[in-house]
Every structure is written in C-alpha cells, then in structure tokens.
Amino acid sequence: MSTLAELCSDLPLDPLPPARKRNPAIPHAPVRNHRLNPTEQKLAVRNALRYFPPATHVQLAKEFADELRDYGHIYMYRFMPTISMKAYPISEYPSRTKTAAAIMHMIMNNLDPRVAQFPEELVTYGGNGQVFSNWVQFRLVMHYLAEMTDEQTLAMYSGHPLGLFPSTRCGPRVVITNGMVIPNYSSREHYDKMFALGVTMYGQMTAGSYVYIGPQGIVHGTTLTVLNAGRKYLGLNDLSGKVFLTSGLGGMSGAQAKAATISGCIGIVAEVSYDAIKKRYDQGWVLEMIDDVDRLVERVKTARLNKEVTSIGFHGNVVLVWERLAEEYDKTGELLVELGSDQTSCHDPYSGGYYPVGLSYQESQDLLASDPQLFRQRVQDSLRRQIKAINALADRGMFFWDYGNAFLLEAQRCGADVTAGDDPTGLKFRYPSYVQDIMGDIFSLGFGPFRWICTSGLEQDLEVTDRIAQEVLESIVQEGLPDNIAVQYQDNIKWIKEAGRNRLVVGSQARILYADQRARVTIALAFNQAIQEGKVSDFIVLSRDHHDVSGTDSPFRETSNIYDGSAFTADMAVQNCIGDSFRGATWVSLHNGGGVGWGEVMNGGFGLVLDGSDEAHERAKNMLNWDVSNGVARRSWSGNANAIQAIQRAMAADPRLKVTLPNPVDETTF
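Residues numbered from 1 in each chain as written. Predicted model: local features only at pLDDT ≥ 70, side-chain atom pairs only at ≥ 80, totals over all residues. Heavy atoms only, no water.

Structural notes on the domain arrangement of the chain
For step 1, the next point in the chain: Domain assignment breaks the chain into domain 1 (4–197), domain 2 (215–428) and domain 3 (440–586 + 593–664).
For step 2, the next point in the chain: Placing a centre on the C-alpha atoms of domain 1 and another on those of domain 3 gives a separation of 29 Å.
For step 3, the next point in the chain: Contacts between domain 1 and domain 3 engage 28 residues on the former and 19 residues on the latter.
For step 4, the next point in the chain: Between domain 1 and domain 3, the buried area comes to about 1,800 Å², and carbon and sulfur atoms account for 64% of it.
For step 5, the next point in the chain: At the surface where domain 1 touches domain 3, the tally comes to one salt bridge.
For step 6, the next point in the chain: Two residues, Lys-98 and Asp-538, come together in a salt bridge whose shortest N-O distance is 2.6 Å.
For step 7, the next point in the chain: Between the two partners, domain 1 and domain 3, sit seven residue pairs in polar contact (both at pLDDT 80 or more). (Domains from an automatic or database assignment. Contact = heavy atoms within 4.5 Å. Buried area = accessible area lost by both parts, 1.4 Å probe. Salt bridge = Lys/Arg side-chain N within 4 Å of Asp/Glu carboxyl O. Polar contact = N/O pair within 3.5 Å; in protein donor to acceptor, adjacent residues only side chain to side chain.)

Set out below in structure tokens:
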C-alpha cells in the first residue's frame, strides 16, 4: 500500500506500475457506448498516450485500446493508487499550502468506495458523474496540489489539469470547468464521442467540483421535500402510516430511504442492483430488504395499519411495484401509496441510468453492451409502463412529483402520457417538478443546501460545529422572523439537533443544513472564530450543492418556477461562478450538465476554506452574501413574491446592495 507522499509525487513511470484488473467485488460503471469509428479510436489512444514519454507507448497503447474496446473509455486502471481511498486528516497531506491540502481531502472523499458509486471508474454518483476522466489525471492533480503555493492557480479543463499558473493570494487556488462545449455540439451523441476521446467530462454537480459529501448531501433536501409534500398535498404535518414510493439507491438517490424515516413515513425504494441496496442496508439507511412484490404489498399493509416508520428496499424494478399497487387498488379499492417520485439517473437513461423491467441488473448491462438500440427500446417501453401505472394511482388520489432527474422529460420524449395540456412556457408536465411545487419557494427565500466539512476528520469537531450552527439559528429566530421564513428555520433547527443521532456521516466529517443568506454568513463567521479560538482543531471547508438558489440554471429543475421566459438562459450560473471567484472562494467550478443531464443545465459551485484568520472572515462575508443574493435577485426580477421579500430584507441589511426590482404589470392595460 502506497503512502500519501508517494501518491502526491510525480507520475510513476520508471518503472510503470504493474497492470491492474478491475476489482470484481465492487460495482462498476456500465460499458460506455463511445460511437467512435476506427480512426477516432486511434485518436482516443493517441490522446491518452500524451501523458506518457514515448518509451512507454508501445506497452500502453494496446492496453488503452483494450480498455476502450471492453469498457467504452480509457480509465488507465494501471495507475489506480493502492492506498486506501478516503479523506485523510488535512495535516497528513504533503503540501506547501494547507488550502491545497483541504482540496486533496475533498477529492479523496469523492472517490472513497463508501461514498462513490463506481470508484474504479472515478464516478461519484448519478451513473456518470466523474471526478476525473482517468487515473493519471487524478495523480497529476494530487501532485500539482502538493507543489502549489498561495500564488498559483490550477486550471482544470474537464478533468485534465492544464497546469499551475502564476496568480495572486486573493484569487482561487483551483478553477474548474467541466463539459464546456460550443452550444450546438452539446448533444448526448457528441458527449459520448468527446468523453471517449478524453477531451471532455460530465462532472454532474458536486462530483467534478470535489464537494460531494456522500448521500447525506441529498438526505436533507429529500426530507424537506417529503415533509413539505405532506403539508401541501395531504394537509398533514404527521406522515405516520403514509407511504412514499420511489426508486434508486445507487448514488445520491441512496438518501431517499433515510429521508423517509426522518420524515416519519413508510418509505419504499426500489433498486435493481443488489450491491447498491445491500450497501445502504449495511449502512443502516435501508431498514428492510424485500425481493418479492407480493410480500412487499403485505408488509406495506401491516406497516400502514401499525403506523410504523420504516424504509423498505425492494430489490427489483420499480415498474413492478407501481403496477402491483395499481392492481391492488383495482382489486380491493385500497390505495397503498400517498406520495411518489423517482430518483433513477434518468438524465442518462440509455447508458445505464435507468434499467428496463423484465431484465436483471446483469442482463441489462449485457444487453446495453451487446445491443444498445434494443436496450433503448426496452427502456422506453418501461418508462411508458411506469407512467401508465403512476397515472392510474394518481387518478385515485396519489400525489407524484418529478425529482429533477429528467424522469418526466424522458418519459415524454418516448411518448408516455405526461403532457400538461396547454402550457405556453413549455416547462410543465402532468406532474410538477418538486422545485415548481415545493422547493422553488424555499430557494426563492434564499434557503439552500449549505455544507461544511471538518478537515481534521474528527467527529468531535463536527459535533462542535453542529452546536454552533444550532445556536446561530436559534438566536436569529429569537429576534423575530416572518412566518414563512420562521417555519424554514424551525425545520432546520430540528434537523441539526437530530443530525448526530441520525448517523448521516458517510466518508468525511461533513454536515448539510438548508440556510438562508443571513444564516450562512453568520454560521461561517462563527466557525472561523471557533477555529481561531481553538474550539475546532483544524480548517473547515464551506461549500454547497450546485442545486441551490444561485448556482444552477436548469429549466426543468432549479429554475422551473421562473415564468418570465428566462428559464432557458444561463446568466445566473455563469455570473455566480465568476462572482465567487473574485470575492474569496478557494476554488470555483462551472459545469455543463448535472441532475437533468448533459446539455440541459448550466451549474457551478465553490469551496471556501476557513482557517481562523481575519482574511478568511472577510472572504466568507463577501462571497457568501453574493452567492445567495445573486439568485434571489434574479428570481425577484422574474416576479417571485418570496424572492422580492428576501432581496428587500437583504438590501435593508446592507445599504451597499442595490437591486433592480420589478414593477407590477396589469395585463388589462395592453
């Protein structure tokens, strides 16, 4: 097993590390359909060989050509490190600046097998959310970060480290772009080719920006979604005895089972991969495993009768569950599900993001590799069947929403009955996006998935920060808040109080909290002071999901509740990345794709290192205020009442902030 010092040294070239095979005991990414002709396949190998001196090319060329043929991509498995992949304490990384060590801590967490969906293919979540395109890129980045000073910036081009460039101390240490292609060439077909050639990469949201914190990152958002869905659709604050049915336990969708129990309902989460469902069961996030749909129905009836709180992982295709519940209603008149959604990786349905009914997980992967067109047809048939059963149950009182994974979009594209009817915006389906109906109002108030990571790796540091965050929220509430804002604070106080007991940490010592602008800034400054006073033993990294107030332009998810015609524009996400970069972020990123898929969204994020200094205090204050206000101002201009309320409060708090507000328009006057 190598050491961190060896890992962060230059590429091992003389001698080359021994050839390595994939580990059959862990999940692997589906074979990618590269669509390359023979000439382009040679180009892919030539591109890969650029990382190595000519003396190694004869040995490596055949190996890389074989990887391209067998797996659809050149991952350079030979260069996988033998070190145990995890987030080591920041003090253990060899570095010339501790901010670079903090970034290394975050990168290795993204590739931790407990965290990553397909660790050997460098996929963190979402089926194809890459941290890097190949293992040599990982090694080079670790080496550059170890060598970096506070007067250099590492430029990252879609996984490729372009190099260290002279910079300033106040600038970001890393600038990341993923999937930046000319708009007319941002199709899936172009992506498949460019990824195989090694010239672009799909970084999802927080995979390629190094700020994923494990499925905890989506647990909180899913919990808030389920709780608010109960309030909105069912008129209930207590979900005991109510059933939430969904699918996906592989990547971040693995959070759904945990969110169901925190929300106090009966969660059913279907998953075709036994390895994925067993992983969540072993973590304690899935409490029961069932592989027979009739036995599942009987178990649900018992749980409903006893008003149990539980999470049931169904090993099988979710289409079977939807159809069986529809059949049960037809037979008995009993509606066994109140709430429904889907979190498969439907942004990429024809490359393993969604598996067709009637085939096992392995049979599906074999069909995908041998006959992609037939696989596509089977997926489309499954989507149509799933929607038919959902429609039948919705007609009888079940409430369904799209979870922003392009499920309804892809279902519509294959002819399923999800059309909303007369919709001039082109943004609405028969069922709402969870942003349109639930989370959009929360985003518009400035609340979103604020995160922090204790780079010491110490649980006691996380406990201290949990207490600090709780105290900040409680103190703000005591000052008095409007009712629509106060209820969000109360939900989050409850969340942070119970966070430790809910065993949310997988990988790094991290936490997520939905916070508005004031709370984010106040919590950050309190953390920085705690480091300065020695109450927290080492640096803290601040971040957020790109799925937030300002970070993402996505017309079928984050900006789906913007109705002024600007939902398909991307100024907000681009401005956010640029603004974060010169206001104090330690690293910034901008991505094409994420959540709903390649070509469908522009999103960005940041990492900000707190070290207890006065400089970190100013960075946090300046950057976090902008990072929220940007999106709230944009949502305000679209006419959103919550956003207008939030930005007016922000302007009252800081006279330097002056935002163009919309005037009301009476359509009867023209």
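Considerations on a nonpolar patch on the surface
For step 1, the next point in the chain: Where nonpolar side chains cluster on the molecular surface, the patch consists of Tyr-157, Leu-162 and Phe-165 and spans about 290 Å² of accessible area.
For step 2, the next point in the chain: With a relative accessible area of 38%, Leu-162 lands in the partly exposed category. (Patch = residues over 30% accessible without salt bridge, like charges linked within 9 Å, V, L, I, M, F, W, Y side chains within 5 Å. Areas by Shrake-Rupley, 256 points an atom, 1.4 Å probe, with all protein chains shown as cover. Buried < 20%, exposed > 50% of the residue type's maximum accessible area, 1.4 Å probe, protein only.)

What about the UniProt feature "domain: Urocanase C-terminal" (unreviewed entry) in the chain?
For step 1, the next point in the chain: Taken from the UniProt record, the annotation "domain: Urocanase C-terminal" (unreviewed entry) applies to residues 441–648.
For step 2, the next point in the chain: Measuring from the first to the last C-alpha atom of residues 441–648 gives 16 Å, for a span that is 49% helix and 17% strand. (UniProt positions renumbered as here; feature names shortened; annotations may be inferred. Helix = DSSP H or I, 4+ residues; strand = E, 2+ residues; numbered from the N terminus.)

As for the packing of helix H2 (residues 38–49) against helix H3 (residues 57–71)
For step 1, the next point in the chain: As a packed pair, H2 and H3 sit with axes 9 Å apart at the nearest point and diverge in direction by 130 degrees. One element, H2, and the other, H3, form an angle in the oblique class. Viewed along their axes, H2 and H3 form a crossing whose handedness is right-handed. Each of Gln-41, Ala-44, Val-45, Ala-48 and Leu-49 in H2 lies in contact with H3, whose residues at this interface are His-57, Leu-60, Ala-61, Phe-64, Ala-65 and Leu-68.
For step 2, the next point in the chain: Considering only residue class, the contact of H2 with H3 consists of nine nonpolar, two polar and no charged. (Axes fitted to C-alpha atoms, helices over the stretch in contact; angles between N-to-C directions. Parallel < 35°, antiparallel > 145°, perpendicular 65-115°, else oblique. Left-handed = near helix turned anticlockwise from the far one by under 90°. Nonpolar A, V, L, I, M, F, W, Y, C, P; charged D, E, K, R; others polar.)

As for the packing of aromatic side chains
For step 1, the next point in the chain: Taken as a whole, this structure holds 28 aromatic pairs when the rule is applied.
For step 2, the next point in the chain: Taking the centre distance of 6.4 Å and the plane angle of 50 degrees together, the rings of Tyr-202 and Trp-598 count as tilted. Note that Tyr-202 is positioned in the loop between helix H6 (188–197) and helix H7 (216–234) and Trp-598 in the loop between strand S16 (587–592) and strand S17 (602–610), a separation of 396 residues in sequence. Judged on exposure class, the residue Tyr-202 and its partner Trp-598 are both buried.
For step 3, the next point in the chain: An aromatic cluster is present here, built from Tyr-51, Phe-52, Phe-64 and Phe-79 joined pairwise through their rings.
For step 4, the next point in the chain: Its end group placed over the ring of Trp-626, Arg-583 keeps NZ or CZ at 4.4 Å from the ring centre. (Phe/Tyr/Trp six-rings, centres within 6.5 Å; stacked < 30°, edge-to-face > 60°. Lys NZ or Arg CZ within 6 Å of the ring centre and 35° of its normal.)

As for helix H12 (residues 361–370)
For step 1, the next point in the chain: Among the residues making up H12, those that are buried are Tyr-361, Ser-364, Gln-365, Leu-367 and Leu-368. Viewed along the axis of H12, the buried residues span an arc of 165 degrees, placing them on a single side of the element.
For step 2, the next point in the chain: Close packing links the buried residues of H12 with helix H13 (372–394). (Arc of directions from axis to C-beta.)

Quick notes on the pairing of strand S4 (residues 160–166)
For step 1, the next point in the chain: Here strand S3 (residues 152–157) pairs with S4 via six bridges, running antiparallel. From the neighbouring strand, Leu-154 faces S4, where its bridge partner is Leu-164.
For step 2, the next point in the chain: Two successive antiparallel strands, S3 and S4, enclose a turn made up of two residues, where Ser-158 displays a positive phi of approximately 50 degrees. (Pairing = 2+ DSSP bridges.)

Some thoughts on the pattern of salt bridges
For step 1, the next point in the chain: Counting across every chain of the model gives 42 salt bridges.
For step 2, the next point in the chain: Note that Lys-278 is salt-bridged to Asp-282, the shortest N-O span being 2.8 Å. Residue Lys-278 and its partner Asp-282 are both found in helix H9 (residues 274–282); the two are separated by four residues, about one turn of the helix.
For step 3, the next point in the chain: Under the relative-accessibility criterion, Asp-282 is labelled exposed at 51%.
For step 4, the next point in the chain: With a closest N to O distance of 3.0 Å, Glu-410 and Arg-413 form a salt bridge.

Describing the packing of helix H20 (residues 614–637) against helix H21 (residues 641–653)
For step 1, the next point in the chain: Close contact between H20 and H21 brings their axes to 8 Å; oriented N to C, the two are set at 130 degrees. For the element pair H20 / H21, the angle class is oblique. In the crossing of H20 with H21, the sense of the turn from one axis to the other is left-handed. Contact residues: H20 offers Ser-629, Val-632, Ala-633, Arg-635 and Ser-636, while H21 offers Ala-643, Ile-644, Ala-646, Ile-647 and Ala-650.
For step 2, the next point in the chain: Taken together, the residues that form the contact of H20 with H21 break down as seven nonpolar, two polar and one charged.

Focus: the sheet that holds strand S9 (residues 310–315)
Strand pairing in a sheet relies on backbone hydrogen bonds, with the paired strands running either antiparallel or parallel.
For step 1, the next point in the chain: Strand order in this open sheet of six strands is S8-S9-S7-S6-S10-S11, and the pairing throughout is parallel. Of all the strands in the sheet, the pair left with one neighbour each is strand S8 (288–290) and strand S11 (399–400).
For step 2, the next point in the chain: Direction of pairing for strand S6 (residues 243–247) relative to strand S10 (residues 339–340): parallel, over a ladder of two bridges. Along S10, the bridge assignment pairs Leu-245 with Gly-340.
For step 3, the next point in the chain: This element, H9, spans strand S7 (266–271), S8 and S9 of the sheet and lies at about 155 degrees to S8.
For step 4, the next point in the chain: Relative to S9, helix H10 (residues 293–306) is tilted by about 170 degrees, and along the sheet it contacts S6, S7, S8 and S9.

Digging into the nonpolar core
For step 1, the next point in the chain: Core analysis: the largest hydrophobic core is formed by 154 residues, its most contacted members being Met-108, Phe-138, Leu-145, Tyr-210, Trp-452, Leu-542 and Trp-587.
For step 2, the next point in the chain: What Leu-145 contacts, discounting residues up to four positions off in sequence, is Ser-95, Ala-100, Ile-103, Met-104, Ile-107, Leu-154 and Val-174.
For step 3, the next point in the chain: Formed by 50 residues, the second largest nonpolar core is a distinct cluster that contains Ile-312, Val-321, Leu-335 and Ile-390. (Core = buried A, V, L, I, M, F, W, Y, C linked by side-chain atoms within 4.5 Å.)

Section: the environment of Pro-94
For step 1, the next point in the chain: By the secondary structure assignment, Pro-94 is in the loop between H3 and helix H4 (98–110).
For step 2, the next point in the chain: In this view, Pro-94 contacts Leu-4, Ala-5, Cys-8, Met-104 and Ala-146; residues no more than four positions away in its chain are not counted.

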